Amino acid sequence: MLSGDRKEKALKKLRKDFRSGLYSYLVLSLLEKEGELHGYAIRKRLGELSGGRLVPSEGALYDILKSLKKLGLVRDSWAEIGGRPRKYYSLTELGEEVLNELRQELQVIVETLKRLEGLK
């Protein structure tokens, strides 16, 4: 295997691992800040906020939402908008508590990365 192929394989795997938890955090944060949203709106908003660089596929996003619901961090409800039914998601009280703890953990990660970058 060429080193370029190995690099791409490694990047693909590590990005997938890294982003899976990050997307859950971003979805919870977005629901906290913007309230009830449907899946397409979540995906669109993540694209806007990241300049198109952090946009989960539709399938990945719905898997994340299903997982967050199963954990009790989000709830869903149906609403008809313009004659079209849509499933909306919102943060639960447990979701708010978990998000606050994750936010603290993320702060430690950010601080550690800054210190690490300062090492030469």
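Model, not experiment: these values are computed from the prediction. (Residues numbered from 1 in each chain as written. Predicted model: local features only at pLDDT ≥ 70, side-chain atom pairs only at ≥ 80, totals over all residues. Heavy atoms only, no water.)

## A look at the UniProt feature "domain: Transcription regulator PadR N-terminal" (unreviewed entry) in the chain
As recorded in UniProt, the sites labelled "domain: Transcription regulator PadR N-terminal" (unreviewed entry) are residues 27–100. From the first C-alpha to the last, residues 27–100 spans 13 Å; its make-up is 54% helix and 24% strand. (UniProt positions renumbered as here; feature names shortened; annotations may be inferred. Helix = DSSP H or I, 4+ residues; strand = E, 2+ residues; numbered from the N terminus.)

## Examining the pairing of strand β2 (residues 74–81)
Strand direction decides the pairing type here: β2 and strand β3 (residues 84–91), joined by eight bridges, are antiparallel. Bridging across to β3, S77 finds its partner in Y88. (Pairing = 2+ DSSP bridges.)

## Quick look at the nonpolar core
Looking at soluble globular proteins, one finds that nonpolar side chains tend to be buried together. If you look at the biggest cluster of nonpolar residues, it comprises 18 residues, and the most contacted ones within it are V27, L28, L31, I42 and L68. Going through the elements one at a time, α1 (3–34), α2 (39–49), α3 (58–70) and β3 are the ones with two or more residues in this core. No other element matches α1, which puts six residues into this core. Beyond its immediate chain neighbours, meaning those up to four positions away, L68 contacts S24, V27, L28, L73 and V74. (Core = buried A, V, L, I, M, F, W, Y, C linked by side-chain atoms within 4.5 Å. Buried < 20%, exposed > 50% of the residue type's maximum accessible area, 1.4 Å probe, protein only. Contact = heavy atoms within 4.5 Å.)

## Concerning the sheet that holds β3
Read from one edge of the open sheet, three strands run β1-β3-β2, paired in antiparallel fashion. Taken across any chain shown, the strands that pair with only one partner, and hence form the sheet edges, are β1 (37–38) and β2. Direction of pairing for β1 relative to β3: antiparallel, over a ladder of two bridges. Of the residues in β3, the one forming a bridge with H38 is Y88. Packed on one face of the sheet, α3 meets β2 and β3 and runs near 125 degrees to β2. (Axes fitted to C-alpha atoms, helices over the stretch in contact; angles between N-to-C directions.)

## Quick look at the environment of R75
Here R75 is to be found in strand β2. Taking relative accessible area as the criterion, R75 reaches 44% and is therefore assigned partly exposed. Discounting residues that sit within four places of it in the chain, R75 has contacts with Y88, Y89, S90, L91, T92 and E93. One polar contact links the side chain of R75 to the main-chain carbonyl oxygen of L91, over a distance of 3.2 Å. (Polar contact = N/O pair within 3.5 Å; in protein donor to acceptor, adjacent residues only side chain to side chain.)

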